[in-house]
Amino acid sequence: MVRLSPARLRQKRRVAATLILVTLLALVAWGAGFVRFIGLIPHDVVDTETITDAVVVLTGGSLRLDTGLKLLQNRRGEKLFISGVHRGVEVEELLNVARRSPEELDCCIALGYSADNTVGNARETATWMRKEGFRSLRLVTASYHMPRSVAEFRAASPDLVIIDHPVFPVHVKIDVWWRWPGTTILIVGEYHKYLFARVRQLIGRRPDGMN
């Protein structure tokens, strides 16, 4: 058995202590950031009255589409843009899914087919908004997805006015997330994606592949 010299032993202890301290600091930073992120998740729709140029729906659930169609029907926007639609899906099919008459709304709906992630949603919408000459939008997505969506949209279109209009899927228990493992896993995953997005925006890189 090799015996370490007192100096070598002290060095190993210092390294171990440093690693423990760095780990603790990282955990504290992660926890503080997570608490802040939880605070960013909306628990209701704050502004239901402001009229914007467009209503933008990010695909990912029938509740989002139904909410977007209701907002268009209630004239909260001049047009409805649905970003991230699967190729081959048309306006009439979407309206039928949402039980709306095609003649009622299809004139005011545009579909985006190029986005397959949140970064793509932001880019696709920015292009469409410029083409339409629009300056403001009401953004419809799930509440847990809203912080990252707003961050991506502001990065892609810093001059746009963005009003968040979250929807609240019944299976996501935001108010008591710690009691529901599925919701906890979902929020922690979204927090990591949000961190990645913010770091990427700070260093000016935009790699593909983040959902």
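Quick caveat: nothing in here was measured; it's all calculated off a predicted structure.

Conventions we followed
- Residues numbered from 1 in each chain as written.
- Predicted model: local features only at pLDDT ≥ 70, side-chain atom pairs only at ≥ 80, totals over all residues.
- Heavy atoms only, no water.
- Buried < 20%, exposed > 50% of the residue type's maximum accessible area, 1.4 Å probe, protein only.
- Helix = DSSP H or I, 4+ residues; strand = E, 2+ residues; numbered from the N terminus.
- Pairing = 2+ DSSP bridges.
- Axes fitted to C-alpha atoms, helices over the stretch in contact; angles between N-to-C directions.
- Contact = heavy atoms within 4.5 Å.

On to the pairing of strand β5 (residues 161-167). Most of β5 sits inside the fold, with five of its seven residues counted as buried. Relative to β5, strand β4 (residues 136-142) runs parallel, the two sharing seven bridges. Residue pairing across strands places Thr141 opposite Pro166, the latter belonging to β5.

A few words now on the sheet that holds β4. Two strands in a sheet stick together by hydrogen bonds in their backbones, pointing the same way (parallel) or opposite ways (antiparallel). Here five strands make up an open sheet; going across it, the order is β3-β2-β1-β4-β5 and the pairing parallel. The open sheet has two edge strands, β3 (109-112) and β5, and neither has a second partner. Mean inter-strand twist for the sheet, computed between neighbouring axes without regard to direction, equals 25 degrees. Of the pairings in the sheet, the one linking strand β1 (residues 52-58) to β4 comprises four bridges and is parallel in character. In the sheet register, Val55 faces β4, and the bridge partner there is Arg138. The strands that helix α5 (residues 118-132) touches are β1, β2 (77-83), β3 and β4; relative to β2, the one it contacts most, it runs at about 145 degrees. Helix-sheet contacts for helix α6 (residues 146-156) involve β1, β4 and β5, and the interaxial angle to β4 is about 150 degrees.

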